[in-house]
Amino acid sequence: MPARPSVLLFALLAFAAGVLLLQWQAALPPVMPWLGAAAFAAAGSVGARALAGPAPVARGIAMGLAVLTAGALGFGYAAGRAELRLADALPPEWEGEDITLVGVVDDLPQPSERGTRFAFAVEGVETSGAIVPARLSLAWYGQWQRGGSIDPVPAIVAGERWRVVVRLKRPHGTVNPHGFDVEAWLLENGLRATGYVRPDERNARQDAFAGRAPDYIQRARENIRARILAALPDAPYAGVIVALTIGEERAIPEAQWRIFNRTGIGHLISISGLHVTVFATLAGGLAFALARRSVRLTTRIPARKVAAAVGVFFATVYVLLAGAGVPAVRTLL
């Protein structure tokens, strides 16, 4: 007799369908009606099963209501998450105004000829009445002088705490067909406003290392990037090595990206499930080869369990150093 499809399977599919359905909405719907509908359907499912017993009709009604519950929950969950993310916004009246902030450099800074761009996690707002998002994308540009020289941008390192005077604007980007969607990228990375650091005597480094848990990871990533670039100062593939090691794709020049995309290998540069799996397999395989040689160890713990634990550990470290992107985290889980 063939096995009956699991209610859990249909519920998971319905939950995913509810999340997907939200993406097609022209406007963000209210969350509470959908959560209320999910609660009502859940109560109906339990009631139908309790009142009608194990009869096939009762099971069918209960299963249908359970699927509706999961779909409404998925829709309401996605709407709630979207509402929380979009609520963290820069009010229009604070666009273009000087605002003094204290925060931490929250990602690898990106130096360029004009200056340095970096993510900034806001810890405090010193300008009275100002409201800013929790995470910003800031640029610190070098200042041209009358004699033609440029005041250099101070060295900015991940994990530092700074006081800066900034001018911000809400995320804006071009909407050319098939072009890069800047606004979607900023939303995905939790950067809810962009701006630049103003020349001001109040700009100052407060702490060389803030000491938050993510700061240790970002500082390690920056040290690895610096060592790779120092070891390969003139190599055209240095950016590719950095990208494959710590997931920092912005180190690759635009000309190389065009070649990768035209030849169809752009996805190989992004750290994904393939890279994590290969890394974990190599680490686990080496651990297995060494563990099976120790009688004292294998009489207590099977070599395969040692290999699995080592593989998971090294995969976790690799995912963290790679920036913990969604594809890599999904593979790790």
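Going by the structure above, here's the rest.
Predicted model only: the values in this text are computed from it and were never measured.

> Sorry, what's going on with the overall build of the protein chain here?
Summing up its helical and strand segments, the protein chain has twelve helices and nine strands in all. Sequence separation of 24 or more characterises 67% of the internal contacts of the protein chain that already satisfy a separation of 6 or more. Carbon and sulfur atoms provide 63% of the accessible area of the protein chain, an area that totals close to 20300 Å².

> Explain the nonpolar core to me, please; I cannot follow it from the model alone.
Buried together is how nonpolar side chains tend to be arranged in soluble globular proteins. Ile99, Phe118, Phe120, Leu138, Val164, Val166 and Leu168 are the most contacted members of the largest nonpolar core, which totals 19 residues. Residue assignment for this core shows that the elements contributing at least two residues are strand 1 (99–105), strand 3 (115–125), strand 4 (135–141) and strand 7 (161–169). For this core, the leading source of residues is strand 7, giving four residues.

> I would appreciate a short explanation of unusual backbone geometry in the present structure.
Working note: non-glycine residues mostly have negative phi, and peptide bonds are mostly trans. Although it is not a glycine, Ala324 sits at a positive phi angle of roughly 55 degrees. Overall, Ala324 belongs to the partly exposed group, its relative accessible area being 38%.

> Any chance you could explain the pairing of strand 8 (residues 194–197) here in plain terms?
Along a regular strand, successive side chains alternate from one face of the sheet to the other. Sheet topology places strand 4 next to strand 8; three bridges connect them, and they run parallel. Residue Ser137 lies in a different strand from strand 8, and its bridge partner there is Thr194.

> Help me out: how do you make sense of helix 5 (residues 213–231) in this one?
Turn by turn, an α-helix covers 3.6 residues, leaving residues three or four places apart pointing in a common direction. Across its 19 residues, helix 5 extends 28 Å between first and last C-alpha, which sits within 8% of the 27 Å expected from 1.5 Å per residue. Considered for burial, the residues of helix 5 that qualify are Asp215, Gln218, Arg221, Glu222, Arg225 and Ile228. The arc enclosing the buried residues of helix 5, seen along the axis, measures out at 155 degrees, which places them on a common side. In helix 5, those exposed residues whose orientation departs by more than 90 degrees from the buried face are Ala213, Tyr216, Arg227, Ala230 and Ala231. Against the buried residues of helix 5 lie strand 1, strand 2 (110–111), helix 6 (238–246) and helix 11 (303–321).

> When you look at the layout of surface pockets in this model, what are you seeing that I'm missing?
Any space left empty among the atoms is revealed by the rolling of a water-sized probe across them. Taken as a whole, the second largest pocket holds about 530 Å³ of empty space. Along its surface, the second largest pocket is lined by 19 residues, and Gln23, Ala82, Arg85, Leu86 and Leu187 are the ones closest to its centre. Of all the secondary structure elements, the ones that give two or more residues to the lining of the second largest pocket are helix 1 (7–22), helix 3 (56–87) and helix 4 (182–188). Counting residues per element, the lining of the second largest pocket draws most heavily on helix 3, which supplies six residues. Tallied by class, the residues present in the lining of the second largest pocket amount to twelve nonpolar, two polar and five charged.

> Looking at this model, I keep getting lost on the pattern of salt bridges. Mind explaining?
Two side chains bearing opposite charge may form a pair once their charged atoms approach each other closely. In this structure the tally under the stated criterion is 15 salt bridges. In this structure, the salt-bridge partner of Arg198 is Asp98, at a minimum N-O distance of 3.4 Å. Separated by 100 residues along the polypeptide, Arg198 in the loop between strand 8 and strand 9 (204–207) and Asp98 in the loop between helix 3 and strand 1 bring together distant segments of the chain. In this structure, the salt-bridge partner of Arg225 is Glu222, at a minimum N-O distance of 3.9 Å. Of this pair, Arg225 and Glu222 both sit in helix 5, three residues apart, roughly one helical turn. A relative accessible area of 11% places Glu222 in the buried class. One network of salt bridges, in which partners are shared, links Asp106, Arg135, Arg212 and Asp215.

> Mind showing me how you'd approach a nonpolar patch on the surface here?
A contiguous nonpolar surface patch, about 470 Å² in accessible area, is contributed by Phe15, Met32, Leu35, Leu73 and Tyr77. Elements represented by at least two residues in the nonpolar patch include exactly helix 2 (32–52) and helix 3. Summarising the element assignment, Leu35 is placed in helix 2. Residue classification places Leu35 among the partly exposed positions, given a relative accessible area of 34%.

Parameters at a glance
Residues numbered from 1 in each chain as written. Predicted model: local features only at pLDDT ≥ 70, side-chain atom pairs only at ≥ 80, totals over all residues. Heavy atoms only, no water. Helix = DSSP H or I, 4+ residues; strand = E, 2+ residues; numbered from the N terminus. Contact = heavy atoms within 4.5 Å. Areas by Shrake-Rupley, 256 points an atom, 1.4 Å probe, with all protein chains shown as cover. Core = buried A, V, L, I, M, F, W, Y, C linked by side-chain atoms within 4.5 Å. Buried < 20%, exposed > 50% of the residue type's maximum accessible area, 1.4 Å probe, protein only. Pairing = 2+ DSSP bridges. Expected span 1.5 Å × (residues − 1). Arc of directions from axis to C-beta. 1 Å grid on protein atoms, 1.4 Å probe; cavity = no way out; pocket = protein on both sides within 12 Å on 5 of 7 lines; lining within 4 Å. Points joined across faces, edges and corners; volume = space filled by probe spheres on them. Nonpolar A, V, L, I, M, F, W, Y, C, P; charged D, E, K, R; others polar. Salt bridge = Lys/Arg side-chain N within 4 Å of Asp/Glu carboxyl O. Patch = residues over 30% accessible without salt bridge, like charges linked within 9 Å, V, L, I, M, F, W, Y side chains within 5 Å.

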